[in-house]
Amino acid sequence: EPEVTQTPSHQVTQMGQEVILRCVPISNHLYFYWYRQILGQKVEFLVSFYNNEISEKSEIFDDQFSVERPDGSNFTLKIRSTKLEDSAMYFCASRGAGGPYEQYFGPGTRLTVT
Amino acid sequence: AQSVTQPDIHITVSEGASLELRCNYSYGATPYLFWYVQSPGQGLQLLLKYFSGDTLVQGIKGFEAEFKRSQSSFNLRKPSVHWSDAAEYFCAVVDSGGYQKVTFGIGTKLQVIP
């Protein structure tokens, strides 16, 4: 069964450094998403991406964040200058066109900012 | 804006006992509803989903959920819990318009005792 993959599984970085989290969505999917889950809290929507542009973003997704689909298969989330509060599990998700609206989630990347 | 409430943060049940996890949603139109499960250190696995039709939906691992519009609820049930069901369970609603971001509840952590 096709699945969403994410790399790395765990990333440790120092405050102020840039990080890129990578995702490979399911190949025929057209809608892509990033979510994050701070330890002990609920999963929160960050951004959706369709037709090579951001379609919706949350208040969390400020200028420090960017997304890109550089080569038609990968989908990346970049944090330009990480803060301690960016430490979280980041999930990528994708879905196909039209219904049934089910998003498939990757296993997540745990980002630790020290 | 859509929202999901899971009133029980932690639930402990004995192995073999029945289980019901509560979920209430707030959404103006017909919601698309999901239950996801997250084992420790793992990603989000879809248990079941409701879009329309029969209000009792069956999912994987013996779970079922019932959509009750009058109560704005989508409770998850299992007749006999196994130790391997210990995990965190998230109820979620999808925005049926726009680009369909998922809004998650805070989650219910299930502990199974022998």
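Rules behind the numbers
Every chain is numbered independently, its residues counted from 1 as its sequence is written. Lettering for chains starts from A, numbering for ligands starts from 1, and both go in the order in which the items are written. Owing to the predicted nature of the model, reporting of local features is limited to residues with pLDDT of at least 70; listing and counting of side-chain atom pairs is limited to 80 or more, with chain, interface and lining totals taken over all residues. In computing side-chain properties, one takes all heavy atoms of the structure into account and sets aside hydrogens as well as water. Note: two strands are recorded as paired if DSSP finds a minimum of 2 bridges between them. Note on conventions: DSSP H or I runs of at least 4 residues are helices, E runs of at least 2 residues are strands, and numbering of each starts at the N terminus. In this analysis, axes come from line fits to C-alpha atoms, helices being fitted only over the stretch in contact, and the angle between any two N-to-C directions falls in the range 0 to 180 degrees. Every residue pair with non-hydrogen atoms within 4.5 Å of one another is taken to be in contact. Computed with a 1.4 Å rolling probe, the buried area is the accessible surface lost when two parts are put together, summed over both parts. A side-chain nitrogen of Lys or Arg and a carboxyl oxygen of Asp or Glu constitute a salt bridge if their distance falls within 4 Å. Think of a polar contact as two N or O atoms within 3.5 Å of one another; within protein, one of them needs to be a possible hydrogen donor and the other a possible acceptor, and neighboring residues in sequence only count if both atoms come from side chains. Side-chain classes are defined by residue name, with Ala, Val, Leu, Ile, Met, Phe, Trp, Tyr, Cys and Pro counting as nonpolar, Asp, Glu, Lys and Arg as charged, and the others, Gly among them, as polar. Only protein chains enter the accessibility calculation, which uses a 1.4 Å probe; a residue whose area is less than 20% of its type maximum is buried, one above 50% is exposed, and one in between is partly exposed.

**Quick word on the sheet that holds strand 1 (residues 5-7) of chain A**
All names here are of chain A.
Alright, step 1. On the basis of which strands lie adjacent, the open sheet formed by 4 strands has the order 1-3-8-7 and antiparallel pairing. Either end of the sheet is taken by a strand with one partner, and the two such strands are strand 1 and strand 7 (65-68). Pairs of neighbouring strands in the sheet enclose a mean axial angle of 20°, with direction left out of account.

**Side note on the interface of chain A and chain B**
Alright, step 1. With 20 residues of chain A in contact, the opposing surface of chain B contributes 19 residues.
Alright, step 2. For the pair chain A and chain B, the two sides together bury roughly 1800 Å², of which 59% comes from carbon and sulfur.
Alright, step 3. If you look at where chain A meets chain B, you find 2 salt bridges.
Alright, step 4. Two residues, Glu56(A) and Lys101(B), come together in a salt bridge whose shortest N-O distance is 3.3 Å.
Alright, step 5. Put simply, chain A and chain B have 5 residue pairs in polar contact (both at pLDDT 80 or more) between them.
Alright, step 6. Put simply, the parts of the chain that give the side of chain A that touches chain B at least two residues each are strand 4 (31-37), strand 5 (43-50), strand 6 (53-57) and strand 9 (88-95) of chain A.
Alright, step 7. In terms of residue class, the side of chain A that touches chain B is built from 11 nonpolar, 5 polar and 4 charged.

**Things to note about the pattern of salt bridges**
All names here are of chain B.
Alright, step 1. Considering all chains together, one arrives at 7 salt bridges over all chains under this definition.
Alright, step 2. One salt bridge in this structure joins Arg 77 and Glu 64, with 3.3 Å as the shortest N-O distance. Of this pair, Arg 77 sits in strand 9 (residues 73-78) while Glu 64 sits in strand 8 (residues 64-68); the two residues are 13 residues apart in sequence, bridging distant segments of the chain.
Alright, step 3. Using a relative accessible area of 23% as the deciding quantity, one classes Arg 77 as partly exposed.
Alright, step 4. Sharing partners across several salt bridges, the network here consists of Glu 64, Glu 66 and Arg 77.

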